[in-house]
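Letter by letter, the chains look like this.
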Amino acid sequence: MEYYDQAALKQILLRSARILKVPAEMDGIEEIAGRARGTPRIVNRLLRRVRDYAQVKADGIITRDVANAALDGLEIDQIGLDQTDRNLLLAIIQKFGGGPVGLDTLAASTSEDPETIEDVYEPFLLQLGFIARTPRGRIAMPATYQHLGLTPPGGGNGTGLWTTSK
């Protein structure tokens, strides 16, 4: 699956905002596009959520500040990770020492469906370089630790794989 770039997502947002009659400034549109995981379905869902926030908590106009406040309230970070993404990554790191961990074990430990992890969450995390699939299971990569503000184990390689010296 190919993800949409920022420019394409902004065009989708501008069209959707026009259809929904939502006043939006370009910096607000850019903020939403930046957190949409490269997916039109998600960008449109976020637009509706930010629109609702703008109508209730602001003056009805989507600005960068309004978009930031709404998306922060939804716990969607600057690169588009939501709470489920963070739970999966933290499970790999905290429960399984950075991995490797099998899909079914990861699913059981996070109360997520294995197919949902594999089809919905994993592709974006793989694209970001936050996880890798190995023959033994999923591992957390150094970028994951950096993004979450954690220190990688085992000399900083962030894979969680133990090495022995002879």
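Draft legend 1. Structural detail: the overall build of the protein chain. Assigned secondary structure in the protein chain consists of eight helices and two strands. For the protein chain, the spread of C-alpha atoms along the three principal axes comes to 65 × 30 × 30 Å. Counting contacts in the protein chain only where the partners sit at least 6 residues apart, residues at least 24 apart contribute 56% of the total. Total accessible area on the protein chain is roughly 9100 Å²; 50% of this is exposed by carbon and sulfur atoms. If you average the places of the 19 positive and of the 21 negative side-chain charges in the protein chain, the two averages end up 1 Å apart.

Draft legend 2. Spatial organisation of the side chain of Arg35. Among the secondary structure elements, Arg35 is positioned in the loop between helix H2 (26-34) and helix H3 (40-57). Within polar-contact distance, the side chain of Arg35 engages the side chain of Glu31 at 3.0 Å. Those residues in contact with Arg35 that lie beyond four places of it in its chain are Leu46, Asn68, Leu71, Asp72, Ile76, Asp77, Gln78 and Gly80.

Draft legend 3. How the structure looks around the pairing of strand S1 (residues 131-134). Across four bridges, S1 lies against strand S2 (residues 137-140) in antiparallel orientation. Note that in S2 the partner of Arg133 across the bridge is Arg138. Joining the antiparallel neighbours S1 and S2 is a turn of two residues.

Draft legend 4. Spotlight on helix H5 (residues 83-95). With 13 residues, H5 extends 17 Å from end C-alpha to end C-alpha; this agrees with the ideal 18 Å at 1.5 Å per step. Here the buried face of H5 lies against helix H6 (103-110), helix H7 (114-128), S1, S2 and helix H8 (142-148). Just downstream of H5 lies Gly97, where phi reads positive at about 60 degrees.

Draft legend 5. Representation of unusual backbone geometry within the structure. The linkage connecting Gly99 with the following residue, Pro100, adopts the cis geometry, with an omega of 5 degrees. Tracing the sequence through the fold places Pro100 in the loop between H5 and H6. Positive phi is not limited to glycine here, since Lys21 has a value of about 55 degrees.

Draft legend 6. Fine view of the confidence of the model for the protein chain. Taken residue by residue, the protein chain gives an average pLDDT of 91. The fraction at 70 or more is 92%. For residues 157-166, every residue scores under 50 in pLDDT, and the model assigns this stretch 18 contacts once sequence neighbours within four places are set aside.

Draft legend 7. Focus on a positive patch on the surface. A grouping of Arg41, Arg45, Arg48 and Arg49 is seen on the molecular surface, where their side chains present a positively charged patch. Relative to the assigned elements, Arg41 resides in helix H3. Residue classification places Arg41 among the exposed positions, given a relative accessible area of 61%.

Draft legend 8. Region of the structure containing the nonpolar core. Core analysis: the biggest nonpolar cluster contains 20 residues, and Leu13, Ile32, Leu46, Val50 and Ile62 have the highest contact counts within it. Examining the composition of this core, we find that six residues originate from one element, H3, more than from any other. When residues no more than four places from it in sequence are discounted, the contact partners of Ile62 are Val22, Pro23, Ala24, Glu25, Gly28, Ile32, Leu47, Val50, Arg51, Ala54 and Ala67.

Rules used in this analysis
- Residues numbered from 1 in each chain as written.
- Predicted model: local features only at pLDDT ≥ 70, side-chain atom pairs only at ≥ 80, totals over all residues.
- Heavy atoms only, no water.
- Helix = DSSP H or I, 4+ residues; strand = E, 2+ residues; numbered from the N terminus.
- Contact = heavy atoms within 4.5 Å.
- Areas by Shrake-Rupley, 256 points an atom, 1.4 Å probe, with all protein chains shown as cover.
- Lys, Arg positive; Asp, Glu negative; His and termini not counted.
- Charge placed at Lys NZ, Arg CZ, Asp CG, Glu CD.
- Polar contact = N/O pair within 3.5 Å; in protein donor to acceptor, adjacent residues only side chain to side chain.
- Pairing = 2+ DSSP bridges.
- Expected span 1.5 Å × (residues − 1).
- pLDDT = per-residue confidence, 0-100.
- Patch = residues over 30% accessible without salt bridge, like charges linked within 9 Å, V, L, I, M, F, W, Y side chains within 5 Å.
- Salt bridge = Lys/Arg side-chain N within 4 Å of Asp/Glu carboxyl O.
- Buried < 20%, exposed > 50% of the residue type's maximum accessible area, 1.4 Å probe, protein only.
- Core = buried A, V, L, I, M, F, W, Y, C linked by side-chain atoms within 4.5 Å.

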